[in-house]
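# Survey of secondary and tertiary structure
These are the residues of each chain, in order.
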Number of protein chains: 8
Amino acid sequence: MQPKIAIVLGSKSDLHFFEESRALLAAFNIDCQVHILSAHRSTEKTVNFAKSSEKDGLEVIIAGAGAAAHLPGIIAAHTCLPVLGVPISSSALTGWDSLLSICQMPRGVPVATMSMDRAGAINAAIFSAQILSQKHLYLKDKLKRLKQVMEENIAFSITEATKVLK
Amino acid sequence: MQPKIAIVLGSKSDLHFFEESRALLAAFNIDCQVHILSAHRSTEKTVNFAKSSEKDGLEVIIAGAGAAAHLPGIIAAHTCLPVLGVPISSSALTGWDSLLSICQMPRGVPVATMSMDRAGAINAAIFSAQILSQKHLYLKDKLKRLKQVMEENIAFSITEATKVLK
Amino acid sequence: MQPKIAIVLGSKSDLHFFEESRALLAAFNIDCQVHILSAHRSTEKTVNFAKSSEKDGLEVIIAGAGAAAHLPGIIAAHTCLPVLGVPISSSALTGWDSLLSICQMPRGVPVATMSMDRAGAINAAIFSAQILSQKHLYLKDKLKRLKQVMEENIAFSITEATKVLK
Amino acid sequence: MQPKIAIVLGSKSDLHFFEESRALLAAFNIDCQVHILSAHRSTEKTVNFAKSSEKDGLEVIIAGAGAAAHLPGIIAAHTCLPVLGVPISSSALTGWDSLLSICQMPRGVPVATMSMDRAGAINAAIFSAQILSQKHLYLKDKLKRLKQVMEENIAFSITEATKVLK
Amino acid sequence: MQPKIAIVLGSKSDLHFFEESRALLAAFNIDCQVHILSAHRSTEKTVNFAKSSEKDGLEVIIAGAGAAAHLPGIIAAHTCLPVLGVPISSSALTGWDSLLSICQMPRGVPVATMSMDRAGAINAAIFSAQILSQKHLYLKDKLKRLKQVMEENIAFSITEATKVLK
Amino acid sequence: MQPKIAIVLGSKSDLHFFEESRALLAAFNIDCQVHILSAHRSTEKTVNFAKSSEKDGLEVIIAGAGAAAHLPGIIAAHTCLPVLGVPISSSALTGWDSLLSICQMPRGVPVATMSMDRAGAINAAIFSAQILSQKHLYLKDKLKRLKQVMEENIAFSITEATKVLK
Amino acid sequence: MQPKIAIVLGSKSDLHFFEESRALLAAFNIDCQVHILSAHRSTEKTVNFAKSSEKDGLEVIIAGAGAAAHLPGIIAAHTCLPVLGVPISSSALTGWDSLLSICQMPRGVPVATMSMDRAGAINAAIFSAQILSQKHLYLKDKLKRLKQVMEENIAFSITEATKVLK
Amino acid sequence: MQPKIAIVLGSKSDLHFFEESRALLAAFNIDCQVHILSAHRSTEKTVNFAKSSEKDGLEVIIAGAGAAAHLPGIIAAHTCLPVLGVPISSSALTGWDSLLSICQMPRGVPVATMSMDRAGAINAAIFSAQILSQKHLYLKDKLKRLKQVMEENIAFSITEATKVLK
């Protein structure tokens, strides 16, 4: 069975940050849906998405957001699946707001914060594979190959590394 | 009819920041309930509280929170009442996290951010009275008297000013 | 009677941040004057504007300013009307200066800080409607419709949501 | 088979931040070793620990560090296991240095950053359980119970919630 | 004629920051009044103080304030005398708010920002003497002696240097 | 006798920040030399410039610098004339480095920090005139006219205000 | 024997920051290899490079990196040669992340942090020459000439100063 | 011949930060003078100290300073010896001011910034030994032993490691 995750974004305009990330997920043979959901505009849909995520077969959730980025936290509040947060630097404060809003979650409701923007989106894909590999064993090999490819060709972009991975 | 508001906090341990604030609300003759609710631990209760707030006769909601402070935003997402946010400096980052998490709300879901900690709690009480005065006209006079008292005795603490107000 | 508010800016060059904000206010059927006033160049005019604001029929004041942004605070010092502050990121410090100058008001004189720049201008319009709705009851319905429109079409820009609102 | 993880710290003096965290891991019935390793003083040992971690039966690694906190990143560079980083606010810069050193990892080598200090240590324990639950299914139930306990008693400290969990 | 300046503070509780500063002014034989005035609580008094300051024989004004520190700016807006601002680190944000609120004044209304807290209060006294020395020539000699004393005994505290100055 | 001041810059490339500033000084009829001096490359020249500044007839010194901006402080260390510092935002850190390097001077050696970049350069010109007006009485009138012009036409740029001043 | 150092970068794309730096090293007659190595992708190669650096005849190592910049620290952990770190401002956080990741090294493993970007690369070249001059005495004269050239022509760019140096 | 360096501090009160540092230098058998000098109070003495440092047999200079920390930069401007800067967190801004004032030196005059406070003082001692080891070959062995001691006993404090070193 193909592993299944979701990328949730507050706005379509943030989708371009996830280009390499999605190519990488495809190379990992991980099925990845994209949802546009808002912690504030459509909390109910977001909460329902989170609540049914496990039943819907999802195994990891990646959530990217800018400014007062509450999306990853609100999803994490309603699922026991691992939630990865990607801060987006979309406001004048160059991402400090989204970094702190995502990272400083209170006791009891963790969000795993990745680095900012495009690098964070890529790392969220790899971290998802690391989580999933515990059950989907074929991923262990792919992760090791990725590490090898990067070590052998440290000048490789993630796109180049991804190609080799398939 | 006595005006009615609520103070919502993520933790009882933040209640002491609201001492002068609550005395001031009492002097304004504003009925003020205190709720301990969490954006992440008890989202449903928080959402339900917000959704029924208007029917329950509330007119303003004050929400105080620290760290990745999502509480004011989540309440604001589920009510059309004015929501005032008070950042609490409870983490090692001395309040920068709560300030940005509360203030940088996205387009469409405003939270009115007050200053940090005790000063913000006091100002939230006064700002509530300013909002409520548009319907509860007796507050206009009380607000003017507060301004006068503060002007005449700028060395007065808020507690001293509150006493004169009654 | 049509509700009446004012937007006060320190400089004409900041007016473009308030485009969607003003369209939204128009859709709310809120009469909105724009004033160019300076806390430092024309304090007297600013103080007089604030002092007579209530008599002049204003019910809410929105003030936007950059750098050492004293305008919202000085207005708030001279009126009991609710004052909303919008930090503008116009200096090299990317808005940190205006955010702190507006938000960290001392005990006794609240300013309700919105988010930065365009998002804050929009939210100030909505927060004004939330305040005004306590007296101008027709706004309650408009605010609920806006929430609905945004929930149903979370990808809608505020401009699109505004059009539906009218 | 009992799930097995490791907490790696740069200094024994940071161990007290992980008290509730370790109690929580015990309540989850997760076997947790503690290692004192340094990214800079004992890189070889750290690298060897990371390289053999999978063979040694570890499934998740938690790494806490202060100042220029390189420990989580160096471990992540040498294993395909998920690595969770906990920034410790031990320098004069109140944790900004460790937050950024842990969170801003480059493309290809993810570290999942938790919140700072004690809260982050607790969340790392829960996030570990969320990862492990994909294979160790009994954890799913424990995680749901923790969520329930916290929702029913949001005033509960993590210590109180932990007791109920066992 | 003895030179005459004023120290204006928003709160009596900030007065202790100006102890060495006032001793130094006394050693310079500069007459220094202390006023407790608030930019927000007593704007009118503050504005009137500023407006009549020149007529009242003042030659320099020192203004110290914390948080959203508008006091120096508002005074500077109403006088052509030089205004020196001393940021006070009284809020949780360790003085970043007062530093930016005082320093980032807009074009046309300068405030001369000194360093923070006690060091800034001392430097404001010396800078006042530097300004006044252009007219009150005896100060030139005192300033040179202070420089000499500090150079000869760089371990001298300001209090020790002050004693030698008299 | 025409009042005489100097603008000292670490680099010719910062001169453009002082355009309106120099026009304003001309309108004040203040003679203003420009010096390119470096605190680090040519300390001796800088120290000699500072030491002889008073003998050379200077009455105020304006020093602008970016990054680790030591120029204003080193000049202030060698003269009893008032030294005004203008932080320039020339490094990647958007001026935080120059602001703190100029503003946080130790006890005994004050520098009067102006706002950043162009606004600070303009304010340094006005603050110079405020200092000089104590001896050069004709400046009092010019300063009052500038205040009036700005108050009457708050939309005026400094360039427009300058023209009226002459 | 010609002195020999290495510049190590995490990415070829950062090489352009070192243009003037390498020209300067050439003018100092210092042999400078460039290595592209990654603290995270190719730790082993990096560690091996560091371990054999002394045997390979290197005398100083310059390491430039952005974001969570661990490269200088990991090299410093494996050699007793002096390691100079150059923070690169390549992420949205404008270099704060690389500055803190490089500078805040723990007790026992020093990295000498230079200023950010191009200026830091240049200063790393000069600092290398200062270290090397203790053994390679001809450098003492070159360093003095550089100081002289810069003092005589403070408007000289480093490129101009370099030309004179040869 | 025993290697010889100097520690220069702006104030005796900072000396306690250098306790372990000096013990470590003693264990390295490096002769270390301590000077109290000020960049601003006693520039001439500081400049003369720097200018004659090489003739006086010094080989490295360590300079520690807080707030607008100009001391390391001014020394570096007057010597071709390597200058190491240690930022001290003595102001309300928790060391951000001294870090940036020391680190962001302009092109042409490098200062090697160490970490903050006590850790930086220790690292400055070790970095000095690394520089000196190029000429004083016995230090190579001591440095390797320190690395070994720290690797074998990573829980060792620097004081314990120092004892073993002798």
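Located above this text is the structure these notes cover.
My aim in this report is to walk through the structure given alongside it, one point at a time.

### Some thoughts on the overall build of chain A
Counting secondary structure elements, chain A contains 7 helices and 5 strands. Traced from its N-terminal end to its C-terminal end, chain A shows the element sequence β-α-β-α-β-α-β-α-β-α-α-α. In terms of overall dimensions, chain A is globule-like: its C-alpha atoms have a radius of gyration of 15 Å, near the 15 Å expected for 166 residues. For chain A, the spread of C-alpha atoms along the principal axes amounts to about 45 × 40 × 30 Å. Split into buried and exposed, the 166 residues of chain A put 66% on the buried side. Once local pairs closer than 6 in sequence are excluded, the contacts in chain A between residues at least 24 apart make up 67%. Averaging the coordinates of the 17 positive side-chain charges in chain A and doing the same for the 14 negative ones gives two points 5 Å apart.

### Notes on the interface of chain B and chain C
On the chain C side, the residues contacting the 46 residues of chain B number 46 residues. Note on chain B versus chain C: buried area summed over both sides is about 3800 Å², and carbon and sulfur give 61% of it. The largest per-residue losses of area from chain B upon contact with chain C belong to Cys80, Arg107 and Gln134 of chain B, which jointly make up 20% of the total buried on that side. Our count for the contact surface shared by chain B and chain C stands at 3 salt bridges. With a closest N to O distance of 4.0 Å, Glu20 of chain B and Arg107 of chain C form a salt bridge. If you look at where chain B meets chain C, you find 21 residue pairs in polar contact (both at pLDDT 80 or more). Of all the secondary-structure elements, those providing two or more residues to the side of chain B that touches chain C are strand 4 (83-88), helix 4 (96-103), strand 5 (112-113), helix 5 (117-132) and helix 6 (138-152) of chain B. Here the element with the most residues in the side of chain B that touches chain C is helix 5 of chain B; it accounts for 9 residues. Here the side of chain B that touches chain C is composed, by residue class, of 28 nonpolar, 9 polar and 9 charged.

### Re the relation of the copies chain B and chain D
Here the two chain copies are tied together by a rotation about an axis and a shift along that axis. Turning chain B through 90° and shifting it by 0.0 Å along the axis lays it on chain D, with an RMSD of 0.0 Å. Look at the turn and shift together and you get a four-fold axis relating the two. When C-alpha positions in chain B are compared against the rotation axis, the closest is assigned to Thr94 of chain B, at 5.8 Å.

### Examining the interface of chain B and chain D
In this complex, chain B contributes 10 residues to the contact, which on the side of chain D involves 13 residues. Between chain B and chain D lies a buried interface of about 990 Å² when both sides are counted; carbon and sulfur atoms form 64% of it. When the buried surface of chain B facing chain D is broken down by residue, Arg41, Ala92 and Leu93 of chain B rank first, second and third, together holding 62% of it. Joining chain B to chain D, the criterion identifies 0 salt bridges.

### Some details on the pairing of strand 2 (residues 31-36) of chain A
Regular strands place side chains that alternate from one sheet face to the opposite one. Residue and element names in this part refer to chain A. Bridge analysis of strand 1 (residues 4-9) against strand 2 gives 6 bridges, and the strand direction is parallel. Each bridged residue has a counterpart across the sheet, and for Leu9 the counterpart in strand 2 is Ile36. As a crossover connection, the stretch from strand 1 through helix 1 (residues 19-27) into strand 2 is right-handed.

### Some remarks on the state of the cysteines
Counted according to the given criterion, the structure contains 0 disulfides over all chains. Here Cys103 of chain C stays unpaired: no disulfide links it, and the sulfur of Cys103 of chain B, its closest cysteine neighbor, is 5.5 Å away.

### Overview of the side chain of Lys147 of chain B
As for its placement among the helices and strands, Lys147 of chain B is situated in helix 6. Put simply, Lys147 of chain B is tucked away with no salt bridge, and the nearest opposite charge, on Glu151 of chain B, sits 8.2 Å away. In this structure the side chain of Lys147 of chain B is engaged in a polar contact, spanning 3.4 Å, whose partner is the backbone oxygen of Thr79 of chain C. Excluding residues within four positions of it along the chain, Lys147 of chain B makes contact with Ala76, Ala77, His78, Thr79 and Cys80 of chain C.

### Observations concerning the relation of the copies chain B and chain C
Mapping chain B onto chain C calls for a rotation angle of 180° and an axial translation of 0.0 Å; the resulting RMSD is 0.0 Å. Accordingly, the operation relating the two chain copies is best matched by a two-fold axis. A shared interface surface links the copies, since 100% of the contact residues of chain B are contact residues in chain C too.

### As for helix 5 (residues 117-132) of chain H
Over its 16 residues, helix 5 of chain H runs 23 Å from end to end, which matches the ideal 22 Å to within 8%, given 1.5 Å per residue. In terms of residue burial, helix 5 of chain H counts as a mostly covered element, since 15 of its 16 residues are buried.

Cut-offs and rules
Residues numbered from 1 in each chain as written. Chains lettered and ligands numbered in written order. Predicted model: local features only at pLDDT ≥ 70, side-chain atom pairs only at ≥ 80, totals over all residues. Heavy atoms only, no water. Helix = DSSP H or I, 4+ residues; strand = E, 2+ residues; numbered from the N terminus. Rg over C-alpha atoms; globule rule 2.2 N^0.38 Å. Buried < 20%, exposed > 50% of the residue type's maximum accessible area, 1.4 Å probe, protein only. Contact = heavy atoms within 4.5 Å. Lys, Arg positive; Asp, Glu negative; His and termini not counted. Charge placed at Lys NZ, Arg CZ, Asp CG, Glu CD. Buried area = accessible area lost by both parts, 1.4 Å probe. Salt bridge = Lys/Arg side-chain N within 4 Å of Asp/Glu carboxyl O. Polar contact = N/O pair within 3.5 Å; in protein donor to acceptor, adjacent residues only side chain to side chain. Nonpolar A, V, L, I, M, F, W, Y, C, P; charged D, E, K, R; others polar. Least-squares fit on C-alpha atoms with pLDDT ≥ 70 in both. Pairing = 2+ DSSP bridges. Right-handed = clockwise from strand over helix to strand, strands pointing away. Disulfide = S-S within 2.5 Å. Expected span 1.5 Å × (residues − 1).

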